[in-house]
Structures are given as structure tokens and as C-alpha cells.
Amino acid sequence: LSLTMSYRVASPALQSAPLRRICRLPLSINPSLLFVLIIIFGHLGPSVPAAPTHGTLTGFTLTSRGFLAHFIHPTSSNLVFTPAVAPDTTSLTSPEALTIVQLAGGIDMGTPIFPPDAPSRWLSTPTPPALITATPSKSSASSSSPPPPPSSTPERDALILSSAPRVLAAVRTLPGLSSASPSSVSAALRVHASPSGDLSRSGFSGVLDYLRSGASPLASGGPGPRYAFDADGCGGLGAFQAVCFHLRYGTPVAATAGCW
């Protein structure tokens, strides 16, 4: 392969015939070497991260991980990501699973766990999100470990025992926590209650994080991949809420490469 490289001389005084001959130099390059140079310099260029890929919801499955939603990659049916949207493993009994099935069948009851004002309640905006993006969760049920409980007293333990039923009733009304057990709530209270046994607002948030994080037996669906969902950059959605927004409002759900 022969290439001719020409150079423009700026000054007219320097544009003499000998100099023009010198500046017009033939350059011979082996085609194989040229191909290698193109590959090398192509890889040295700036890398652009792959954009999240919109998935297609094709159905649901009951598994040991829970009630899974199946999203298929648009270019390959072998690529899927399967978030657990409800804790059910053998039959559909939880409010989350029943709500998902109703929405998938075109029935929208506006239940308390996914109310008509869901965008305002979870996203602080009256409009549904334009896009929900799933990324691999940094935590997993197998790697999470509960924080050590603080030192306690018989009086503190007695107060926690008496308040556990009220906390359990409140927790079970929240998305993803309908199957919380008395033992898991008591364990969370032992960690997040105050030294005297009272539960503050921040302590209650700690209880919810404990139950959802994998530190308790309620960890979403047992072993397997877990995902974090972001709505228009606001974050903070669970898999149940993400799929509900998709079913009710048609909000696309995209997933990054690590999910497929």
C-alpha cells in the first residue's frame, strides 16, 4: 500500500519547487501493519460505556428465589434478567404477587401497596417516571451480615418484646415486607432500638433497611442475583415497584450489561 503525504507550507517565500518536492513524500506501508495500527489506535481511543438495554417483560415464575419477573434482551432470547418482585415461592399469596398478577391482567385495584398516587408517594412527582434502570446490587443475601446488637438490659428486652407486635403490623403494610416474621422484626428491634428500648423515626428506618438488606430471614428470594432500580435518576425503587410502574404506566425498564 503506497500513501502520499502532502504538507502545506504557510509562507509563499518557502513554496519553492525543491521544497515542494521534499514536502511531497511517498510513504509505503505494509497493509498488515496498517491494519494493526488501526486496531491499536482504535483501542487507545476513549471508551464509551454501553447504554442500558430496554428489556421486554415476558412473564413470571415461582422459584425458590421468590416470584420472578422475566425480562428478555431485545436481540437475544438467551439473555434475561429476573428480579424477584415478591417473596412467594410455592403459591401466590402475598399482596405484592397478587397486585402484580392483577396489573399484568389489566386489573388495577389501586391497592395500598401500589396506590393511585404511587409517583407522588415514591418519587415526589405527580408524573410516572420516563425510564427505570436496573443495575446489579452491590450487596447480596450471601454477603450481608447483620450489625451487632448493642448491649441490652432486661428492661430494654421487655420493652422490645412488647412493641414488636405493633412494629410487625406496621411493617407488613409496606411493599416487599408483607411476609416479615415476628422473629425477624424482634431481631431488627434489638439492633436498632435505643439503649432504653424505644424506637425513633431513624430507628424505624433502620429496622426497614435491616429487613430488606439480607440481614434477616426475609432477604429477597434467598440466593441469586439482586438488582437496584433507579427511576429518572431518583433511585430508591424496589423490584416490585419498578415492575408495577412498568405494568400500569408503560414505563420502560432498561438493564445495564451486568444484569444480563
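The rules behind these values
The residue count restarts for each chain, going from 1 along the sequence in the order it is written. In keeping with the model being predicted, local features are shown solely for residues with a pLDDT of at least 70 and side-chain atom pairs are shown and tallied solely at 80 or more, while totals for entire chains, interfaces and linings include all residues. Only hydrogens and water are set aside; all other atoms, that is, all heavy atoms of the structure, feed into the side-chain values. Numbering of helices and strands runs from the N terminus, with a helix taken as a DSSP run of H or I at least four residues long and a strand as a DSSP run of E at least two residues long. The classification of residues rests on relative accessible area computed with a 1.4 Å probe and restricted to protein chains. Under 20% of the type maximum is buried, over 50% is exposed, and intermediate values are partly exposed. Contacts: residue pairs with any heavy atoms within 4.5 Å of one another. Note on areas: Shrake-Rupley with a 1.4 Å probe; residue coverage comes only from the protein chains shown. Between 30 and 60 degrees the pair is tilted, below 30 it is stacked and above 60 it is edge-to-face, where a pair is any two Phe, Tyr or Trp rings, Trp via its six-membered ring, whose centres lie within 6.5 Å. Any residue with an atom within 4 Å of a point lines the site, the site being either a cavity, points on a 1 Å grid over the protein atoms alone where a 1.4 Å probe fits but cannot get out, or a pocket, an open set with protein on both sides within 12 Å along at least 5 of 7 lines. Grid points are joined across faces, edges and corners, and a volume is the space filled by probe spheres set on the points. In this count, Pro and Cys sit with the nonpolar residues alongside Ala, Val, Leu, Ile, Met, Phe, Trp and Tyr, while Asp, Glu, Lys and Arg are called charged and the others, Gly among them, polar. Two strands are counted as paired when DSSP detects at least two bridges linking them. Residues grouped as a nonpolar core are buried Ala, Val, Leu, Ile, Met, Phe, Trp, Tyr and Cys residues, joined through side-chain atoms within 4.5 Å. In this scheme, a helix's expected span is set at 1.5 Å multiplied by one less than its residue total. Two axes define the bend at a residue: one fitted to the seven residues ending there, one fitted to the seven starting there, and the bend is the angle between them. Confidence of the predictor at the level of single residues is captured by pLDDT, which takes values from 0 to 100. Patches here: salt-bridge-free residues with over 30% relative accessible area, like charges joined within 9 Å, nonpolar side chains (Val, Leu, Ile, Met, Phe, Trp, Tyr) joined within 5 Å. In the sections that follow, a salt bridge refers to a side-chain nitrogen of Lys or Arg positioned within 4 Å of a carboxyl oxygen of Asp or Glu. Note on definitions: angles span 0 to 180 degrees between N-to-C directions of axes, and those axes are lines fitted to C-alpha atoms, for helices only across the stretch in contact. These descriptions rest on fixed angle ranges, namely under 35 degrees for roughly parallel, over 145 for roughly antiparallel, 65 to 115 for roughly perpendicular, and the rest for oblique. The hand of a helix crossing depends on one turn: near helix anticlockwise from the far one by less than a right angle means left-handed, and clockwise means right-handed.

Student: Quick question: what am I supposed to make of the overall build of the protein chain here?
Tutor: A tally of regular secondary structure across the protein chain gives eight helices and ten strands. Out of the 260 residues in the protein chain, the part that is buried amounts to 33%. For the protein chain, restricting intrachain contacts to residue pairs at least 6 apart in sequence, the fraction spanning at least 24 positions comes to 62%. Carbon together with sulfur atoms contributes 62% to the accessible area of the protein chain, which is approximately 14800 Å² in total.

Student: Hey, could you run me through the packing of aromatic side chains in this one?
Tutor: Each aromatic ring pair is described using two quantities: the centre-to-centre distance and the angle formed by the ring planes. This model, assessed by the stated rule, comprises five aromatic pairs. Ring geometry for Phe-71 versus Phe-81: centroids 5.0 Å apart, planes at 15 degrees, classification stacked. Taken together, the residues span a long stretch of sequence, with Phe-71 in strand S5 (residues 66-72) and Phe-81 in strand S6 (residues 80-81) at a distance of ten residues. Judged on exposure class, the residue Phe-71 and its partner Phe-81 are both buried. Taken together, Phe-71, Phe-81 and Tyr-227 form an aromatic cluster joined through their ring pairs.

Student: I'm lost on the side chain of Thr-99 in this one. Help?
Tutor: Its location among the elements puts Thr-99 in helix H3 (residues 95-104). Apart from the residues within four sequence positions on either side, Thr-99 is in contact with Thr-111, Ile-113, Phe-114, Phe-240 and Cys-244.

Student: Would you explain empty space enclosed by the protein in this entry?
Tutor: The gaps left among the atoms become clear once a water-sized probe is rolled over them. All told, the structure shown has one cavity of 30 Å³ or more when counted by the stated rule. Computed from the structure, the largest cavity encloses a volume of approximately 40 Å³. What lines the largest cavity is simply Thr-99, Gln-102, Leu-103, Ile-107, Asp-108, Met-109, Gly-110, Thr-111, Phe-114 and Arg-248. Of the residues forming the lining of the largest cavity, the biggest block, three residues, is contributed by H3. When the residues that make up the lining of the largest cavity are grouped by side-chain class, the tally is four nonpolar, four polar and two charged.

Student: Would you explain the sheet that holds strand S10 (residues 253-255) in this entry?
Tutor: Whenever strands of a sheet pair, they do so through backbone hydrogen bonds, lying parallel or antiparallel. Reading across the sheet, the four strands line up as S3-S10-S8-S9 and stay open at both edges, with mixed pairing between neighbours. Looking at the sheet topology across the chains shown, the edges are occupied by strand S3 (53-54) and strand S9 (227-231).

Student: It is not clear to me how the nonpolar core should be interpreted in this structure. Could you clarify?
Tutor: As a rule of thumb, nonpolar side chains are buried together in soluble globular proteins. The biggest cluster of nonpolar side chains holds 28 residues, and the ones touching the most others in it are Phe-81, Ile-132 and Phe-229. Elements represented by at least two residues in this core include exactly S5, strand S7 (84-86), H3, helix H4 (118-123), strand S8 (132-136), S9, helix H8 (239-249) and S10. Top contributing element to this core by residue count: H8, with six residues. Formed by 17 residues, the second largest nonpolar core is a distinct cluster that contains Ile-160, Ala-187, Val-191 and Ala-193.

Student: Mind showing me how you'd approach helix H5 (residues 154-171) here?
Tutor: Because an α-helix completes one turn every 3.6 residues, residues spaced three or four positions apart along the sequence face the same direction. Given a rise of 1.5 Å per residue, 18 residues ought to cover 26 Å, and the 25 Å separating the end C-alpha atoms of H5 matches this to within 8%. Taking the largest bend as the criterion, H5 deviates by roughly 40 degrees, centred on Ala-164, and proline Pro-165 comes between one and four positions later. Of all the positions in H5, only Arg-156, Ile-160, Ser-163, Ala-164, Val-167, Leu-168 and Val-171 are classed as buried.

Student: Which parts of the structure should I look at to understand the confidence of the model for the protein chain?
Tutor: For the protein chain, the mean per-residue pLDDT works out to 73, and 68% of the residues sit at or above 70. Summarising per-element confidence for the protein chain, the mean pLDDT is lowest in strand S1 (residues 2-6) (44) and highest in H8 (91). Predicted confidence for residues 34-48 stays below pLDDT 50, and this span has two contacts to residues more than four positions away or in other chains.

Student: Which parts of the structure should I look at to understand the pairing of strand S4 (residues 56-63)?
Tutor: Direction of pairing for S4 relative to S5: antiparallel, over a ladder of seven bridges. Bridged to Thr-63 within S5 is Gly-66. Connecting the antiparallel pair S4 and S5 is a turn made up of two residues.

Student: Would you take a moment to explain a nonpolar patch on the surface for this structure?
Tutor: Together, Leu-62, Leu-92, Leu-98 and Val-101 make up a nonpolar patch on the protein surface, roughly 280 Å² of accessible area in all. Exposure remark for Leu-62: the relative accessible area of 31% places this residue in the partly exposed category.

Student: When you look at the packing of H5 against helix H6 (residues 182-192) in this model, what are you seeing that I'm missing?
Tutor: Packed helices, taken two at a time, are described by the angle between their axes plus the distance between the axes. In contact at an axis separation of 9 Å, H5 and H6 are set at 130 degrees when each is read in the N-to-C sense. Looking at the two axes, H5 sits oblique to H6. Here H5 runs over H6; the crossing is right-handed. Contacts from Arg-156, Ile-160, Ser-163, Ala-164, Val-167 and Leu-168 of H5 reach H6 at Pro-182, Val-185, Ser-186, Leu-189 and Arg-190. Of the residues in the contact of H5 with H6, the class split is seven nonpolar, two polar and two charged.

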